[in-house]
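Descriptive structure summary
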Amino acid sequence: MIQASPDGRWLLGTDLGRDRLLVWPLTAAVPNAPARELALSPGSGPRHFVFHPADARLVYVLQEQSSTLSTVELGPDGPRLLDEISALPAGFAGTSYASDLLLAPGGRHLYALNRLHDSLGVIALDQPRQPRLLDHHWVHGSYPRSACRAGSHLYVCNQRSDQLSHFDLSRPEAPRFTGRQTAVPSPAGACAL
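First, a word on scope: everything that follows refers to the structure included in this document. The shown structure was predicted, so the numbers you read here are calculated from the model rather than taken from an experiment.

Bringing the overall build of the protein chain into the picture now. Regarding its fold elements, the protein chain presents 0 helices and 16 strands. Residues counted as buried form 49% of the 193 residues belonging to the protein chain. The contacts in the protein chain between residues at least 6 apart in sequence include a share of 40% that link residues at least 24 apart. When the accessible surface of the protein chain is split by element, carbon and sulfur atoms take 51% of a total near 8,900 Å².

As a further point, take the side chain of Ser-5. With respect to the element layout, Ser-5 can be found in the loop between strand E1 (2-4) and strand E2 (10-15). Residue Ser-5 is classed as buried on the basis of its relative accessible area, which comes to 4%. Of the polar contacts made by the side chain of Ser-5, one reaches the side chain of Asp-7; its length is 2.6 Å. A distance of 3.3 Å separates the side chain of Ser-5 from the backbone nitrogen of Arg-9, its partner in a polar contact. Residues in contact with Ser-5, not counting those within four places in the same chain, are Trp-10 and Phe-51.

Taken in spatial order, the 4 strands of this open sheet run E1-E2-E3-E4, and their pairing is antiparallel. The open sheet has two edge strands, E1 and strand E4 (36-39), and neither has a second partner. Looking at each pair of strands side by side, their axes are set apart by 20° on average, direction ignored.

Applying the stated criterion across every chain yields a total of 2 aromatic pairs. Between Phe-49 and Phe-51, the aromatic rings sit 5.8 Å apart at their centres with planes inclined by 90°, giving edge-to-face as the arrangement. If you follow Arg-160 out to its NZ or CZ, it ends over the ring of Tyr-143, 3.8 Å from the centre.

Of note, Asp-77 is situated in the loop between strand E7 (68-75) and strand E8 (78-86). Relative accessible area serves as the criterion here: at 76%, Asp-77 is assigned to the exposed category. Taking the C-alpha atoms as reference, Asp-77 lies 16 Å from Arg-20; in sequence the two are 57 residues apart.

What follows covers the side chain of Ser-146. Positionally, Ser-146 belongs in strand E13 (residues 144-150). Judged by relative accessible area, which is 5%, Ser-146 ranks as buried. At a separation of 3.0 Å, a polar atom in the side chain of Ser-146 contacts the main-chain carbonyl oxygen of Ala-188.

Further remarks concern the sheet that holds strand E14 (residues 153-158). Strand order in the open sheet formed by 4 strands is E13-E14-E15-E16, with antiparallel pairing between adjacent strands. The open sheet has two edge strands with one neighbour each: E13 and strand E16 (176-183). Across the sheet, the mean angle from the axis of one strand to that of its neighbour is 25°, orientation sign disregarded. In this structure, E13 lies alongside E14, joined through 6 bridges in antiparallel fashion. For Arg-149, the partnering residue across the bridge sits in E14 and is Leu-154.

Reading the values: rules and limits
- Residues numbered from 1 in each chain as written.
- Predicted model: local features only at pLDDT ≥ 70, side-chain atom pairs only at ≥ 80, totals over all residues.
- Heavy atoms only, no water.
- Helix = DSSP H or I, 4+ residues; strand = E, 2+ residues; numbered from the N terminus.
- Buried < 20%, exposed > 50% of the residue type's maximum accessible area, 1.4 Å probe, protein only.
- Contact = heavy atoms within 4.5 Å.
- Areas by Shrake-Rupley, 256 points an atom, 1.4 Å probe, with all protein chains shown as cover.
- Polar contact = N/O pair within 3.5 Å; in protein donor to acceptor, adjacent residues only side chain to side chain.
- Pairing = 2+ DSSP bridges.
- Axes fitted to C-alpha atoms, helices over the stretch in contact; angles between N-to-C directions.
- Phe/Tyr/Trp six-rings, centres within 6.5 Å; stacked < 30°, edge-to-face > 60°.
- Lys NZ or Arg CZ within 6 Å of the ring centre and 35° of its normal.

Laid out in structure tokens, this is it:
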């Protein structure tokens, strides 16, 4: 993944193979500046990230291989790791791969998809520098690869069960499966509504 920060000051990219977050300054004063690299946990495999909605200096990075979430602060000296939590339930010992990360309506929660655990993890941002895992919800399918939000609705692409699952986000801290599913052959990419 690669994306510019909302304030236009940084360009960020994930390097899954080297367990790094790459950060380039986007200023005319430093053209062609080399990337500043932040080493994340060995074997973690950073995949996706989102910026805090009210503070573009805070970035939440989801690691595919370790199913963890890192909180990173972007400062004048580059990126700095603040915190890391699991996106899986305490005590989970099986195999799972985190796949997608979305900001909930209102910006006070994150949703992390976990493949093989087949869950939607809900993460609270009431303390933005120390997110905490609240709960997990079964995605009513297999291998949630990606998801998209449309207002107070969430659509999860369940790749191996060939369908989209629909969730109501009226209460962002407690997504509710609506019972609606749409057949789609092997949905993998993020949907855009």
